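Letter by letter, the chains look like this.
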Amino acid sequence: GESVGLHLPTLSVQEGDNSIINCAYSNSASDYFIWYKQESGKGPQFIIDIRSNMDKRQGQRVTVLLNKTVKHLSLQIAATQPGDSAVYFCAENIRGSNYKLTFGKGTLLTVNP
Amino acid sequence: GAGVSQSPRYKVAKRGQDVALRCDPISGHVSLFWYQQALGQGPEFLTYFQNEAQLDKSGLPSDRFFAERPEGSVSTLKIQRTQQEDSAVYLCASSLYYSTGELFFGEGSRLTVL
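(A) Molecular detail of the interface of chain B and chain A. Taken together, the 23 residues of chain B in the interface contact 21 residues of chain A. Of the roughly 1,800 Å² buried between chain B and chain A, counting both surfaces, carbon and sulfur atoms make up 56%. Inspection of the region where chain B meets chain A yields one salt bridge. A salt bridge links Lys100 of chain A to Asp56 of chain B; the shortest N-O distance between them is 3.2 Å. On inspection of chain B and its partner chain A, the count reaches five residue pairs in polar contact (both at pLDDT 80 or more). Elements represented by at least two residues in the side of chain B that touches chain A include exactly strand 4 (31–37) and strand 5 (44–50) of chain B. With three residues, strand 4 of chain B is the largest single contributor of residues to the side of chain B that touches chain A. For the side of chain B that touches chain A, the per-class residue count stands at 10 nonpolar, nine polar and four charged.

This is how it looks when you write it as structure tokens:
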């Protein structure tokens, strides 16, 4: 049968290492970006967001970087733990549409103990 | 409840059957969204409610899909004459405010059409 892993970019890291997950977006009118974590069989869970007037935002163990010049978004997870294993999605909101999110394809993060 | 609740969690339907998927958002949340998530893909927007008003249904794939939120709380997504391509996880999300803000997602209803 079809496997999620066949279609998703994957990142495998060792426990304790830092992880960087990347996302490219195409719409220059996007003004709000969010990272979500989705564990198997669950709905997406909000991690951190950033508005287009910022280039960096930090949370607990996570940092989001936004480079509007090249339309690139990244999520950095410090001291990655096994519980961080999940699929990570970036989502963008286009200016003028304050409710409709467009999700990226997702990256599967596997943390090896 | 503390979170967004969806039922049923799993639904198997024969092609041509009608199905109804229920969403109980977080109490007091103004905005309610339905997303469709195919296997290995990110969620895709279906429709948006602000209280009882359906402000955007542009993501609904066909006129076989219908959503309602008559009293501004519980919402139902109905799919008529299901087709195999309707097989997906249907996610409901709610937000306290009149914009995306921080969306709280339910665990989804997985629909399999045989």
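Once you've had a look at it, read on.
(B) Fine view of the pattern of salt bridges. All told, the structure shown has seven salt bridges over all chains when counted by the stated rule. Its salt-bridge partner being Arg57 of chain A, residue Asp49 of chain A comes within 2.2 Å of it at the nearest N-O pair. The exposure class of Asp49 of chain A is buried, given its relative accessible area of 14%. Here Glu107 of chain B and Arg9 of chain B are joined by a salt bridge, their closest N and O atoms 2.9 Å apart. You can see Glu107 of chain B sitting in the loop between strand 10 (104–105) and strand 11 (109–113) and its partner Arg9 of chain B sitting in the loop between strand 1 (5–7) and strand 2 (10–13), a full 98 residues away along the chain. Its relative accessible area of 37% is what places Glu107 of chain B among the partly exposed residues. Arg9 of chain B sits in the partly exposed class, given a relative accessible area of 28%.

(C) Geometry of the layout of surface pockets. Residue and element names in this part refer to chain A. One number sums up the size of the second largest pocket: a volume of about 240 Å³. Lining the second largest pocket we find Lys37, Gln45, Phe46, Ile47, Ile48, Gly59, Gln60, Arg61, Val62, Ile77, Asp84 and Tyr88. Among the elements that take part in the lining of the second largest pocket, strand 4 (residues 45–51) stands out by supplying four residues, more than any other. Within the lining of the second largest pocket, the residues separate by chemical class into six nonpolar, three polar and three charged.

(D) Main features of the sheet that holds strand 7 (residues 65–68) of chain B. All names here are of chain B. Overall, antiparallel pairing links the four strands, which are arranged 1-3-8-7 in an open sheet. At either margin of the open sheet sits one strand with a lone partner, and together these are strand 1 and strand 7. Across this sheet, the average inter-strand angle for adjacent strands is 15 degrees, counted without regard to direction. Pairing between strand 3 (residues 19–24) and strand 8 (residues 75–79): five bridges, direction antiparallel. Bridge pairing in strand 8 links Leu21 to Leu77.

(E) The pairing of strand 4 of chain A, seen in detail. Residues and elements named next belong to chain A. By the bridge criterion, six bridges tie strand 3 (residues 30–38) to strand 4 in an arrangement that is antiparallel. Residue pairing for strand 4: Tyr36 is matched across the bridge by Phe46. Here strand 3 folds back onto strand 4 in antiparallel fashion, the turn holding six residues, of which Gly41 has a positive phi close to 80 degrees.

(F) Examining the state of the cysteines more closely. All names here are of chain A. Summed over the entire model, instances satisfying the criterion amount to two disulfides over all chains. At a sulfur-sulfur separation of 1.7 Å, the disulfide partner of Cys23 is Cys90. Separated by 67 residues along the polypeptide, Cys23 in strand 2 (residues 19–24) and Cys90 in strand 8 (residues 86–94) bring together distant segments of the chain.

Each value, and the rule that gives it
- Residues numbered from 1 in each chain as written.
- Chains lettered and ligands numbered in written order.
- Predicted model: local features only at pLDDT ≥ 70, side-chain atom pairs only at ≥ 80, totals over all residues.
- Heavy atoms only, no water.
- Contact = heavy atoms within 4.5 Å.
- Buried area = accessible area lost by both parts, 1.4 Å probe.
- Salt bridge = Lys/Arg side-chain N within 4 Å of Asp/Glu carboxyl O.
- Polar contact = N/O pair within 3.5 Å; in protein donor to acceptor, adjacent residues only side chain to side chain.
- Helix = DSSP H or I, 4+ residues; strand = E, 2+ residues; numbered from the N terminus.
- Nonpolar A, V, L, I, M, F, W, Y, C, P; charged D, E, K, R; others polar.
- Buried < 20%, exposed > 50% of the residue type's maximum accessible area, 1.4 Å probe, protein only.
- 1 Å grid on protein atoms, 1.4 Å probe; cavity = no way out; pocket = protein on both sides within 12 Å on 5 of 7 lines; lining within 4 Å.
- Points joined across faces, edges and corners; volume = space filled by probe spheres on them.
- Pairing = 2+ DSSP bridges.
- Axes fitted to C-alpha atoms, helices over the stretch in contact; angles between N-to-C directions.
- Disulfide = S-S within 2.5 Å.

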